[in-house]
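Tertiary structure, described
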Amino acid sequence: MVSTVQNSDVKQVLQRVNERLLEKNPAEHQLFDIILITTDSWQQQQSSSIIKSTRHHGLEVSRFCFSREEDFIESLVQNNVQLFFTTDENKALQATQQGVPSALLDKNSVSCPSEQLRVLFCENTIIQPNAGSIEASKKSAQQSFLAQLGQMRQKFGIFDSPLCFTLVTSRGGKDSCCSALKSLRSLGVSVDEAYCLGGAPHTPILSLLRPHFLLSEGFNLLEG
């Protein structure tokens, strides 16, 4: 699974997932392949320093991509990126509109270190089978990503997993929650925790859960 990451804390936890997968199976091939991409002109001028610093701190980044602002989508496609991590909502939206699944990073996750990769699903994250408004290619890419996450999670038990999946439904009651759970399970994704908020704001629960990333508009992430 090829991912682009700009947050060092997320790089470390993704690296930890890879290490745990290889501990279970040294021949494991379903691993996170991390690419660092930047469109910042100053960072591009410091490319050698960035590469040296990344390696010095033991962060496993397979590729570095220094792209122009107008070319970053093309860079994602050329590198076969299956998940684009960013703290920039506009870039996340641009990527997903072009068929590259993206996830919005929690800017504060660095202050809450964890041995687990914490992934949050909201009910509108789930691609329903009859979601005809979603272009076929985008729907396929999103479902493929979710299925791969589910396959990674299935390699571990309930209490020893380096991955933690949480479902939060904001409205619709228990029926909405059950429907979302069934849709996830149809893709092979089992969640560790589920919360039905019944219309209550989800900001307080998010501050407690502190997921490493939230799925972006390309997955129809709930607003508000």
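No experiment lies behind these values; they were computed from the predicted model shown. (Residues numbered from 1 in each chain as written. Predicted model: local features only at pLDDT ≥ 70, side-chain atom pairs only at ≥ 80, totals over all residues. Heavy atoms only, no water.)

**Considerations on the overall build of the chain**
On a plain count of helices and strands, the chain comes out with eight helices and nine strands. Partitioning the contacts of the chain with sequence separation of at least 6, the portion at a separation of at least 24 is 72%. A total of about 11,200 Å² of accessible surface is found on the chain, and carbon and sulfur atoms cover 48% of it. (Helix = DSSP H or I, 4+ residues; strand = E, 2+ residues; numbered from the N terminus. Contact = heavy atoms within 4.5 Å. Areas by Shrake-Rupley, 256 points an atom, 1.4 Å probe, with all protein chains shown as cover.)

**A look at helix α5 (residues 89-97)**
Among the residues of α5, Lys91, Ala92, Ala95 and Thr96 are the ones counted as buried. Looking straight down α5, one finds that the buried residues subtend no more than 130 degrees of arc, so they occupy a single side. Opposite its buried face, α5 presents the exposed residues Glu89 and Asn90, each directed more than 90 degrees away. For α5, the N-terminal cap is Asp88; the gap from its side-chain oxygen to the backbone nitrogen of Asn90 is 2.9 Å. Gly99 lies just past α5 and shows a positive phi near 90 degrees. (Buried < 20%, exposed > 50% of the residue type's maximum accessible area, 1.4 Å probe, protein only. Arc of directions from axis to C-beta. Polar contact = N/O pair within 3.5 Å; in protein donor to acceptor, adjacent residues only side chain to side chain.)

**Considering the nonpolar core**
The biggest cluster of nonpolar side chains holds 33 residues, and the ones touching the most others in it are Leu117, Phe121 and Phe213. Elements with a minimum of two residues in this core: α1 (8-24), β2 (33-38), β4 (83-86), β5 (102-105), β6 (117-122), α6 (136-154), β7 (163-169) and α7 (173-186). The element contributing the most residues to this core is α1, with five residues. In this structure, Cys65, Ile73, Phe84 and Val100 belong to the second largest nonpolar core, which totals 10 residues. (Core = buried A, V, L, I, M, F, W, Y, C linked by side-chain atoms within 4.5 Å.)

**Digging into the confidence of the model for the chain**
Confidence in the prediction of the chain, expressed as mean pLDDT, is 77, and 76% of residues score 70 or more. Confidence drops under a pLDDT of 50 for residues 127-131, and excluding neighbours within four residues, the segment shows eight contacts in the predicted structure. Note that residues 216-224 has pLDDT below 50 and, in this model, 32 contacts with residues that lie over four places away or in other chains. (pLDDT = per-residue confidence, 0-100.)

**Brief notes about the pairing of β7**
For β7, a buried count of seven out of seven residues is recorded, marking the element as mostly surrounded by other parts of the structure. With six bridges joining them, β6 and β7 adopt parallel strand pairing. When the sheet's bridge partners are listed, Cys122 is paired in β7 with Val168. Alignment of β7 against strand β8 (residues 193-196), held across four bridges, turns out to be parallel. Across the sheet, residue Thr169 finds its bridge partner in β8, namely Cys196. (Pairing = 2+ DSSP bridges.)

**What to know about the packing of aromatic side chains**
Throughout the structure, instances matching the rule amount to two aromatic pairs. Arranged with centres 5.6 Å apart and planes meeting at 80 degrees, the rings of Phe121 and Phe165 form a pair that is edge-to-face. Taken together, the residues span a long stretch of sequence, with Phe121 in strand β6 and Phe165 in strand β7 at a distance of 44 residues. Across this residue pair, the class does not change: Phe121 and Phe165 are buried. The ring of Phe72 carries the charged tip of Lys91 above its face, separated from the ring centre by 5.6 Å. (Phe/Tyr/Trp six-rings, centres within 6.5 Å; stacked < 30°, edge-to-face > 60°. Lys NZ or Arg CZ within 6 Å of the ring centre and 35° of its normal.)

**Observations concerning the pattern of salt bridges**
Going through the model one piece at a time under the given rule, you end up with six salt bridges. One salt bridge in this structure joins Arg16 and Glu19, with 3.5 Å as the shortest N-O distance. With Arg16 and Glu19 both in helix α1 and three residues apart, the pair spans about one turn of that helix. Classification of Arg16 by relative accessible area gives partly exposed; the value is 26%. Where Arg153 meets Asp192, a salt bridge forms, and the shortest distance between an N and an O atom there is 2.7 Å. Placement of the pair is Arg153 in helix α6 and Asp192 in the loop between α7 and β8, with a sequence separation of 39 residues. Relative accessible area serves as the criterion here: at 9%, Arg153 is assigned to the buried category. Shared partners join several salt bridges into a network, and the residues in it are Arg16, Glu19, Arg20 and Glu23. (Salt bridge = Lys/Arg side-chain N within 4 Å of Asp/Glu carboxyl O.)

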